[in-house]
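Residue-level listing of the chains:
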Amino acid sequence: MARSIAFREALREAMNEEMRRDDRVFLMGEEVAEYNGAYKVSQGMLAEFGPKRVIDTPISELGFTAVAVGAAQNGLRPVVEFMTWNFAVLALDQILNTASKMLAMSGGQVSCPIVFRGPNGSAGQLGAQHSTAFESLYANIPGIKVVSPSNGYDAKGLLKQAIRFEQDPVVFMESEVMYGDKSEVPEEEYYIELGKADIKKMGRDVTIVSFNKMMKVALGAAAELEKEGVSAEVIDLRTIRPLDWMTILESVKKTNRLVIVEEQWPFASISSEITYRIQKEGFDYLDAPIRRITAADAPLHYAGNLVNAALPDVSRTVKLVKEVMYTRK
């Protein structure tokens, strides 16, 4: 039986269920305990699990990430909340040089089952230093899995999977502007395997691929195109690494056209990797060049008009689809 709950509640349910099931799981980060989380994701968790399992940390990302990585290597299963992934660059040494490499450096003897999670990308007028989308950066690191869900149903199933089953570090990218979004989430327990994209809308004329909050742009564009008789198939990647490019390829075999919508900067982005894979394996199925719409190749400024100009939107996505359909209007 499903009920409509907010994105933040879906994340909280995932953590609560896994912490009740396994006492090795604990949550740590800035303001996750006494303040109930900067975005209220961990609301009520301190009262249930106590201060040894819901741990407020100092404002020292490198320090508390190192503590969590060490705990993971010694048999615990930490969940680390970053107030924003922009602050996690301070902890990148531990994520890149320790968590991601330890399994290889130890000859398979020491794994690091840890989940790093928090909001990612632009949340409006927050300035350049608080508005970066990091999926492509972390997806470029061998040994790390990257998850970037677009709704509460997927977020809960993917987070439970990451906490319970994954032996590799998992980078879990959320969105500050989606925490209040409602989704239908089952009461029954479920898990979603990492590395499986999901077709959110079936279509026949063009494939649109996206993830995280840009799925709203992709689905909005598909709805506008439907009014003009263009049937768009919309794919939500959900997991960035491993990348389920086969689902995209099978869709392109049917639609013969591909448009990618993402919040990354354009150089060496997720769309760059998808474009390479699909042209390599599916060139003969393409009736038009693969096109993409990304964030502007510049820091995201504070002014609202510049934020709107820098990020993908529905109208520009529709225009791009019409270009690959050769029906520019």
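Up top is the structure.
Residues numbered from 1 in each chain as written. Predicted model: local features only at pLDDT ≥ 70, side-chain atom pairs only at ≥ 80, totals over all residues. Heavy atoms only, no water.

**Section: the side chain of T98**
Relative to the assigned elements, T98 resides in helix 4 (residues 92-99). Filtering out sequence-adjacent residues up to four positions away, T98 remains in contact with V69, Q73 and D93. (Helix = DSSP H or I, 4+ residues; strand = E, 2+ residues; numbered from the N terminus. Contact = heavy atoms within 4.5 Å.)

**Considerations on the pattern of salt bridges**
One pass over the structure, following the stated rule, counts 30 salt bridges. The closest approach of N and O atoms between R117 and E81, which form a salt bridge, is 2.7 Å. Of this pair, R117 sits in strand 5 (residues 115-119) while E81 sits in strand 4 (residues 77-81); the two residues are 36 residues apart in sequence, bridging distant segments of the chain. Overall, the relative accessible area of 0% leaves R117 in the buried class. Under the relative-accessibility criterion, E81 is labelled buried at 2%. (Salt bridge = Lys/Arg side-chain N within 4 Å of Asp/Glu carboxyl O. Buried < 20%, exposed > 50% of the residue type's maximum accessible area, 1.4 Å probe, protein only.)

**A short note on the packing of aromatic side chains**
With the rule as written, the count across this model stands at nine aromatic pairs. Judged by centre distance (5.2 Å) and plane angle (70°), the ring pair of F165 and Y191 falls under edge-to-face. Taken as a pair, F165 in the loop between helix 7 (152-164) and strand 7 (170-174) and Y191 in the loop between strand 8 (182-186) and strand 9 (198-201) lie far apart in primary sequence, 26 residues in all. Chaining the aromatic ring pairs together yields one cluster made of F64, F82, W85, F116, F134 and Y138. Sitting over the ring of Y35, K40 keeps its end group 3.7 Å from the ring centre. (Phe/Tyr/Trp six-rings, centres within 6.5 Å; stacked < 30°, edge-to-face > 60°. Lys NZ or Arg CZ within 6 Å of the ring centre and 35° of its normal.)

**Re the sheet that holds strand 2 (residues 25-29)**
Reading across from one edge, 3-2-4-5-7-6-12 is the order of the seven strands in this open sheet, with mixed pairing throughout. Looking at which strands have only one partner, the edges of the open sheet turn out to be strand 3 (54-56) and strand 12 (239-241). Averaged over neighbouring strand pairs, the angle between their axes works out to 20° when direction is ignored. As judged from the five bridges shared by strand 5 and strand 7, these two strands associate in the parallel manner. Within strand 7, the position partnered with V115 by the bridge is V170. Sitting on the sheet, helix 1 (residues 7-21) is in contact with strand 2, strand 3, strand 4, strand 5 and strand 7, with an inclination near 135° to strand 2. (Pairing = 2+ DSSP bridges. Axes fitted to C-alpha atoms, helices over the stretch in contact; angles between N-to-C directions.)

**Looking at the environment of K227**
Inspection of the secondary structure puts K227 in helix 8 (residues 214-227). With relative accessibility at 65%, the residue K227 sits in the exposed group.

**Overview of the nonpolar core**
Inside soluble globular proteins, nonpolar side chains tend to come together where they are buried. Membership of the largest hydrophobic core comes to 43 residues, with the highest contact counts inside it found for W85, F116, Y138 and I274. Broken down by element, this core gets its largest block of residues, five residues, from helix 3 (residues 61-73). Excluding anything up to four places from it in sequence, W85 contacts I95, F116, R117, G118, P119, N120, F134, Y138, V171, F172 and M173. Counting 33 residues, the second-largest nonpolar core is a separate cluster that includes Y39, F49, V170 and M178. (Core = buried A, V, L, I, M, F, W, Y, C linked by side-chain atoms within 4.5 Å.)

**Regarding the environment of E13**
Along the polypeptide, E13 turns up in helix 1. The spacing of E13 and S42 is 29 residues in sequence and 9.3 Å in space, taken between C-alpha atoms. Excluding anything up to four places from it in sequence, E13 contacts R3, I5, K156 and V185. Side chain to side chain, E13 and R3 meet in a polar contact 2.8 Å long. (Polar contact = N/O pair within 3.5 Å; in protein donor to acceptor, adjacent residues only side chain to side chain.)

All we've got here are geometric facts, nothing functional implied.
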